[in-house]
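# Summary of the model geometry
Each chain, letter by letter, is given below.
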Amino acid sequence: MNRVDRLLLAPGAYQTYSIASPRDTSVRAACEQVGCAAWRHGWESAIDESTALGQQQAAYIRQKSGRTFREQKTAAGLTVFRFESGQRCFADHQTRPELYAVRDGDWRGNPTGRTRQHTRAADWVEDFGEHQLRLVDQHQKG
């Protein structure tokens, strides 16, 4: 944690930006969010349609999956479905949620009690950048 050794202003003159993850909590996540290799590069599924399970899997892929694919038969009689990159795979991904918070004050306290929570990391980053620009402008004005 970084703290300023010499504090020039009261706690209310500062803002604290933080990112936290609740312990023992996981949520369903999209392939892109977890860096899924199948999503990034595409993938193949080899299905044996000579079995009941294989027939059900192939029917699901063709009729209900909603994914873009090419299919071909192998010499061994398997059906290979080749899925393009950039689409959700068939796995259920989990990740830990992150809380993006901004509060008035610093490590000494929050005198106003005001706290904001962003729902997206990009919004938190934008808020942080705009705050830094305001600080630069104030410093240049004197």
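In short, a report on the structure. (Residues numbered from 1 in each chain as written. Predicted model: local features only at pLDDT ≥ 70, side-chain atom pairs only at ≥ 80, totals over all residues. Heavy atoms only, no water.)

Strand order in the open sheet formed by three strands is β1-β7-β8, and the pairing between neighbours is antiparallel. In this open sheet, the two strands that pair with only one neighbour each are β1 (15-20) and β8 (115-118). Across the sheet, the mean angle from the axis of one strand to that of its neighbour is 20°, orientation sign disregarded. Alignment of strand β7 (residues 99-104) against β8, held across four bridges, turns out to be antiparallel. Within β8, the residue paired with Tyr100 across the bridge is His118. Of the strands in this sheet, β1, β7 and β8 are in contact with helix α4 (residues 121-141), which crosses β1 at around 160°. (Pairing = 2+ DSSP bridges. Helix = DSSP H or I, 4+ residues; strand = E, 2+ residues; numbered from the N terminus. Axes fitted to C-alpha atoms, helices over the stretch in contact; angles between N-to-C directions. Contact = heavy atoms within 4.5 Å.)

Strand order in this open sheet of three strands is β3-β5-β4, and the pairing throughout is antiparallel. Strands at the two margins of the open sheet, each flanked by one partner only, are β3 (43-47) and β4 (69-73). Shown here is a sheet whose adjacent strand axes are inclined to one another by a mean of 20°, direction ignored. As defined by bridge partners, β4 adjoins strand β5 (residues 79-83) across five bridges and the pair is classed as antiparallel. Paired with Phe69 across the strands is Phe83, a residue of β5.

A few words on unusual backbone geometry. Unusually for a residue other than glycine, Asp24 sits at a positive phi of about 55°. Its place among the elements puts Asp24 in the loop between β1 and β2 (27-29). You can call Asp24 exposed: its relative accessible area is 82%. (Buried < 20%, exposed > 50% of the residue type's maximum accessible area, 1.4 Å probe, protein only.)

Bringing the side chain of Ser65 into the picture now. Among the structural elements, Ser65 can be located in the loop between α3 (52-63) and β4. A distance of 2.8 Å separates the side chain of Ser65 from the backbone oxygen of Ile61, its partner in a polar contact. Setting aside anything within four residues of it in sequence, one finds Ser65 in contact with Tyr60 and Phe90. (Polar contact = N/O pair within 3.5 Å; in protein donor to acceptor, adjacent residues only side chain to side chain.)

Right, let's talk about the side chain of His118 for a bit. Locating His118 in the fold gives a position in strand β8. Polar contacts involving the side chain of His118 include one to the side chain of Asp127, which spans 3.0 Å. With residues up to four places along the chain from it excluded, the contact list for His118 reads Tyr100, Val102, Asp123, Trp124 and Asp127.

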